[in-house]
Amino acid sequence: MFTVYDPVVWGMAGIRFLSSGIEFSAALLMLYFGRVETAFKINAVLSFVGPTVLCTVTFLGLCGLAGRLSPVGLTSVLAGVALIFLGLHHLRS
C-alpha cells in the first residue's frame, strides 16, 4: 500500500498515529464519564500530548534532514519551532 522505505518517515507517522489514538481515547473517556469536570481534567492532561508530539516529530525530522540541511536551514527550522512555542506562551498570558 505504501512504498515509503525511510524509517524516519515511518517513525514520524507512527508518533502521529499514537497521538491520534491518545486523542481519540480521551474523547471516548469524556463521553463515557459524561461530566464537564471530568472532561475538563482529561483535556488538561491532553495539553501535554500536543507539544510533546510536536517536539518529538520535529526532532525526528531534523535528524532525518541533518546531513542534507544547511546550517542556515537548520537554524531557520529551529527558530520556527521556537517561535511557535513563544507565540503559544504569550497567548496564554
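Residues numbered from 1 in each chain as written. Predicted model: local features only at pLDDT ≥ 70, side-chain atom pairs only at ≥ 80, totals over all residues. Heavy atoms only, no water.

1. Remarks on the packing of helix H1 (residues 7–33) against helix H2 (residues 36–46)
Okay, step 1: In the contact formed by H1 and H2, the axes pass within 9 Å of each other and the chain directions differ by 165°. Classified by the angle their axes make, H1 and H2 are roughly antiparallel. The handedness of the crossing between H1 and H2 is right-handed. Here Ile22, Glu23, Ala26, Leu29, Met30 and Phe33 of H1 lie close against H2, whose contacting residues are Thr38, Ala39, Ile42, Asn43 and Leu46.
Okay, step 2: The residue inventory of the contact of H1 with H2, partitioned by class, reads eight nonpolar, two polar and one charged. (Axes fitted to C-alpha atoms, helices over the stretch in contact; angles between N-to-C directions. Helix = DSSP H or I, 4+ residues; strand = E, 2+ residues; numbered from the N terminus. Parallel < 35°, antiparallel > 145°, perpendicular 65-115°, else oblique. Left-handed = near helix turned anticlockwise from the far one by under 90°. Contact = heavy atoms within 4.5 Å. Nonpolar A, V, L, I, M, F, W, Y, C, P; charged D, E, K, R; others polar.)

2. As for the side chain of Thr58
Okay, step 1: Looking at where Thr58 falls in the secondary structure, it is placed in helix H3 (residues 49–65).
Okay, step 2: Within the local environment of Thr58, its side chain forms a polar contact with the backbone oxygen of Leu54, the two atoms lying 2.7 Å apart. (Polar contact = N/O pair within 3.5 Å; in protein donor to acceptor, adjacent residues only side chain to side chain.)

3. A look at the confidence of the model for the protein chain
Okay, step 1: Considering every residue of the protein chain, the mean pLDDT works out to 89; 97% of them sit at 70 or more.
Okay, step 2: Per-element averaging of pLDDT across the protein chain places helix H4 (residues 71–92) at the bottom with 83 and H1 at the top with 96. (pLDDT = per-residue confidence, 0-100.)

4. A word on H3
Okay, step 1: Here H3 spans 24 Å end to end across 17 residues, near enough to the 24 Å set by a 1.5 Å rise per residue.
Okay, step 2: All buried positions along H3 are accounted for by Val49, Val53, Val57, Thr58, Gly61 and Leu62. (Expected span 1.5 Å × (residues − 1). Buried < 20%, exposed > 50% of the residue type's maximum accessible area, 1.4 Å probe, protein only.)

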